[in-house]
Protein chains: 2
Amino acid sequence: MIKNTRRTQRGETSLTRARIVAEAIALLDTKGESGLTFRALAAALATGAGAIYFHVADKDDVLNAACDAIVAPALDAAAKGATPRERLRTIGLGLFDAIDAHPWVGTELARAPGTMPMMRIVEAVGQEVSAMDVAPATLWSGASALCSYILGVAGQNAANARLGQERGIGRAAFLDELAHRWSQLDAGTYPFTRSIAEQLRVHDDRADFLAGIDLILDGMAARRSR
Amino acid sequence: MIKNTRRTQRGETSLTRARIVAEAIALLDTKGESGLTFRALAAALATGAGAIYFHVADKDDVLNAACDAIVAPALDAAAKGATPRERLRTIGLGLFDAIDAHPWVGTELARAPGTMPMMRIVEAVGQEVSAMDVAPATLWSGASALCSYILGVAGQNAANARLGQERGIGRAAFLDELAHRWSQLDAGTYPFTRSIAEQLRVHDDRADFLAGIDLILDGMAARRSR
DNA sequence: ACCTGAACACCGTTCAAGT
DNA sequence: ACCTGAACACCGTTCAAGT
């Protein structure tokens with residue numbers, strides 16, 4: 001706080017882990033996953049590439065911290081509602097929206113199990129499942145099914161957004177293109193995919209995501225009453 | 001077939017897309033995802049790096065073809081059973097085992113939506129859901145929930161295997177380490193994760209995976225009867 | 001203690017030159 | 001038509017040298 005006097009006098013802030021992570025997020029949001037390089041980071045922070053290593057361990061460290069900086073507040077803002085089920089829906093939706101706004105978070109979550117953001121999700125989901133009056137055996141399988149499902153959706157959403165961005169057409173246009181390709185598939189070998197193509201075009205991501213959560217919760221409820 | 005006479009006389013096969021993909025799979029299996037480079041591929045195929053580009057478009061093309069070469073036969077071998085539910089379980093398990101044997105497939109599936117292996121999975125799952133007497137609305141949400149769940153598990157499994165390999169300790173040891181870390185979490189802020197740590201150590205991946213599928217299927221069944 | 005920036009050991013991809 | 005391998009434009013990471 002009281003150090004780096006010369007720099008702060010000039011109105012420049014000193015290089016900190018927090019500034020590095022913030023700039024990494026800005027880079028990831030604006031340039032996509034390939035936009036985060038130590039050289040770009042150094043340029044944006046007006047420093048040398050090597051200086052960054054004084055505050056972070058490596059690129060994974062930066063990526064993970066950036067991911068946590070999105071996930072943690074998203075989870076804190078969620079978990080509203082009278083019943084565990086309602087809270088689970090708001091938690092899922094909070095994550096969904098956060099990943100929708102920052103697709104690289106979805107990619108990162110799929111890459112780093114056992115890290116902070118991951119643990120926060122497991123805990124948030126698990127606490128609500130615990131409050132749900134389910135059999136002990138269903139506690140583990142239910143919570144992990146929910147987490148896997150959420151991460152699966154996150155990963156696919158992230159991939160769609162990334163491919164849309166890479167091709168410079170955006171996610172919506174990418175999905176539209178995909179739907180068109182599906183609709184032209186051979187009806188003999190791909191009857192289902194072909195029949196569902198139109199759904200892909202008009203579907204509501206958020207609603208479908210919630211429907212999946214409800215399906216799992218209903219499955220858990222069915223288990224309880226048997 | 002009749003070309004490349006000089007090479008085939010010497011017992012060497014000519015460079016083909018199939019050979020490239022086969023060697024890529026071998027490299028991915030033995031050296032992990034970072035082991036697949038065009039230089040390593042060229043060395044293994046006893047050719048120049050540039051020659052490979054005559055048969056494939058780019059690295060994504062190789063990765064995608066390799067992924068499909070694992071997924072397609074895995075799906076063909078699966079889909080056994082009397083009821084759609086049983087077939088869905090064998091399909092899921094077939095994929096699970098294939099990804100367990102080739103973790104990089106899990107990573108690749110999460111990276112490339114709308115590609116061949118992905119479409120095969122959607123179709124295989126969708127056909128069974130279609131045969132299951134569910135409401136039209138549940139057809140889409142059920143099939144996509146199942147796919148998202150399967151891909152989510154695949155991604156996490158792949159990440160665990162990759163991290164285990166990168167640290168040179170294997171996946172089991174990595175999970176053990178993770179379980180230990182979870183067991184030492186603060187009971188106040190991470191009560192669930194802490195309480196579930198022992199489960200993480202002793203759990204059966206395959207059984208848990210199936211339990212999640214059953215949960216979703218039960219949820220779909222519950223929907224039908226209401 | 002913190003920062004600089006050149007250097008190292010890699011990448012994917014291209015392309016003139018060969019056969 | 002197919003292959004070679006040097007070259008290009010990058011990476012993440014390290015580290016002597018500076019302040």
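In what follows, the structure referred to is the one given above.
Residues numbered from 1 in each chain as written. Chains lettered and ligands numbered in written order. Predicted model: local features only at pLDDT ≥ 70, side-chain atom pairs only at ≥ 80, totals over all residues. Heavy atoms only, no water.

**Q** Can you lay out the nonpolar core for me, pointing to particular residues and giving the numbers?
**A** Nonpolar side chains in soluble globular proteins tend to be buried together. With 144 residues, the main nonpolar core has Leu41(A), Leu146(A), Trp182(A), Leu41(B), Leu146(B) and Trp182(B) as its most contacted residues. Ignoring sequence-local partners within four residues, the contact set of Trp182(B) consists of Met119(A), Val122(A), Thr193(B), Arg194(B), Ile196(B), Ala197(B) and Leu200(B). (Core = buried A, V, L, I, M, F, W, Y, C linked by side-chain atoms within 4.5 Å. Buried < 20%, exposed > 50% of the residue type's maximum accessible area, 1.4 Å probe, protein only. Contact = heavy atoms within 4.5 Å.)

**Q** Explain the relation of the copies chain B and chain A residue by residue, including any values.
**A** For the pair chain B and chain A, the superposition axis carries a translation of 0.0 Å, the fit reaches an RMSD of 0.0 Å, and the rotation angle comes to 180 degrees. This pairing of chains is accounted for by a two-fold axis. Looking at chain B, 100% of its interface residues are interface residues in chain A too, so the copies touch through the same face. (Least-squares fit on C-alpha atoms with pLDDT ≥ 70 in both.)

**Q** Got a sec to walk through the pattern of salt bridges? Specific residues and values, please.
**A** A side chain of one charge can pair with a side chain of the opposite charge if their charged atoms are brought near each other. Summed over all chains, the structure comprises 36 salt bridges over all chains. Arg17(B) is paired through a salt bridge with Asp61(B); the nearest N and O atoms lie 2.9 Å apart. With a gap of 44 residues between them, Arg17(B) in helix 2 (residues 17-31) and Asp61(B) in helix 5 (residues 59-77) connect regions that are remote in the sequence. Judged by relative accessible area, which is 18%, Asp61(B) ranks as buried. A salt bridge links Asp97(B) to Arg206(B); the nearest nitrogen and oxygen atoms lie 2.4 Å apart. Here Arg206(B) lies in helix 12 (residues 205-224) and Asp97(B) lies in helix 6 (residues 84-101), a separation of 109 residues in the sequence. Where salt bridges share partners, they join Arg85(A), Arg89(A), Asp214(A), Asp218(A) and Arg223(B) into one cluster. (Salt bridge = Lys/Arg side-chain N within 4 Å of Asp/Glu carboxyl O. Helix = DSSP H or I, 4+ residues; strand = E, 2+ residues; numbered from the N terminus.)

**Q** So what about the packing of aromatic side chains? Which residues, and what values?
**A** All names here are of chain A. Throughout the structure, instances matching the rule amount to six aromatic pairs over all chains. Summarising the aromatic geometry, the rings of Phe38 and Tyr53 are spaced 4.7 Å apart at their centres and angled 15 degrees between planes, so their arrangement reads as stacked. Taken together, the positions of Phe38 in helix 3 (residues 38-44) and Tyr53 in the loop between helix 4 (49-52) and helix 5 (59-77) put the pair 15 residues apart, joining distant regions of the chain. When its relative accessible area of 14% is taken as the criterion, Phe38 is described as buried. You can call Tyr53 partly exposed: its relative accessible area is 45%. (Phe/Tyr/Trp six-rings, centres within 6.5 Å; stacked < 30°, edge-to-face > 60°.)

**Q** Summarise the protein's contact with DNA strand C; cite the residues concerned and give the values.
**A** The immediate surroundings of DNA strand C are formed by 18 residues, with Thr47(A), His55(A), Arg39(B), Tyr53(B) and Lys59(B) found nearest. Take the atoms of DNA strand C that sit within 4 Å of the protein: sugar and phosphate atoms are 53% of them. Between DNA strand C and Gly48(A) there is a distance of 2.9 Å, counted from a phosphate oxygen to a backbone nitrogen or oxygen. A distance of 2.7 Å is found between a base oxygen of DNA strand C and a side-chain nitrogen or oxygen belonging to Arg39(B). Only helix 4 of chain A together with helix 3 (38-44) of chain B provide two or more residues apiece to the surface near DNA strand C. Residues of the surface near DNA strand C, tallied by class, amount to six nonpolar, six polar and six charged. (Near = heavy atom within 4 Å. Polar contact = N/O pair within 3.5 Å; in protein donor to acceptor, adjacent residues only side chain to side chain. Nonpolar A, V, L, I, M, F, W, Y, C, P; charged D, E, K, R; others polar.)

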